[in-house]
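# Coordinates in review
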Amino acid sequence: MKRILILHVILGALLSLNALDWLDDYDLAHAKALKENKIFYVFIVSEDCRWCRKMEATTMLDDTIQERLKKSFIAVELTRDIDIYPESLQAKMVPKHYFLTPNEKKIYAVPGYWNVEDFSSILDDVERKFKKIKESELNKM
């Protein structure tokens, strides 16, 4: 019994090492996105949204999605009507996903639940658009 408990603790620790470190403060996440020059991903949910819970329990726990978000994004999860974030990021429908440049320019905004395959495709689109924005900014210099 003691070995099972120890194994459970070790497995839990290993899983938490791989877990995405969600931020819960818009301003803090924005500052980090600026500092690291990464895409700023704002995930807005509500307390009573079953699709939000499904997104959190499935797509957001997928190892591939977590690794992609860790590598190229600064992710913040906010609760509509509770957390503070800019009015320009409206979330009449949740879940709502905003992908912003570090300077808060909208790259992509999409509502709803997405399975792993579809969300991965959205991340592909966001990364392509972000790359074009960065290249365009370099050409202006």
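Every value quoted in this text rests on a predicted model; they were computed, and no experiment measured them.

Before going further, it helps to examine the sheet that holds strand β1 (residues 39-45). Spatially, β2-β1-β3-β4 is the arrangement adopted by the four strands of the open sheet, whose pairing is mixed. Looking at the sheet topology across the chains shown, the edges are occupied by β2 (73-79) and β4 (106-111). The sheet shows a mean angle of 15° between the axes of neighbouring strands, direction not considered. As paired strands, strand β3 (residues 96-100) and β4 are joined by five bridges and run antiparallel to one another. Counted as the bridge partner of Lys96 is Pro111 from β4. Along the sheet face, helix α2 (residues 26-36) touches β1, β2 and β3 and points at about 170° away from the line of β2.

Within the largest apolar cluster, 38 residues are counted, with the highest numbers of intra-cluster contacts made by Tyr41, Val42, Phe99 and Phe119. Those elements that place two or more of their residues in this core are α2, β1, α3 (50-57), α4 (63-72), β2, β3, β4 and α5 (116-140).

Thresholds applied
Residues numbered from 1 in each chain as written. Predicted model: local features only at pLDDT ≥ 70, side-chain atom pairs only at ≥ 80, totals over all residues. Heavy atoms only, no water. Pairing = 2+ DSSP bridges. Helix = DSSP H or I, 4+ residues; strand = E, 2+ residues; numbered from the N terminus. Axes fitted to C-alpha atoms, helices over the stretch in contact; angles between N-to-C directions. Contact = heavy atoms within 4.5 Å. Core = buried A, V, L, I, M, F, W, Y, C linked by side-chain atoms within 4.5 Å. Buried < 20%, exposed > 50% of the residue type's maximum accessible area, 1.4 Å probe, protein only.

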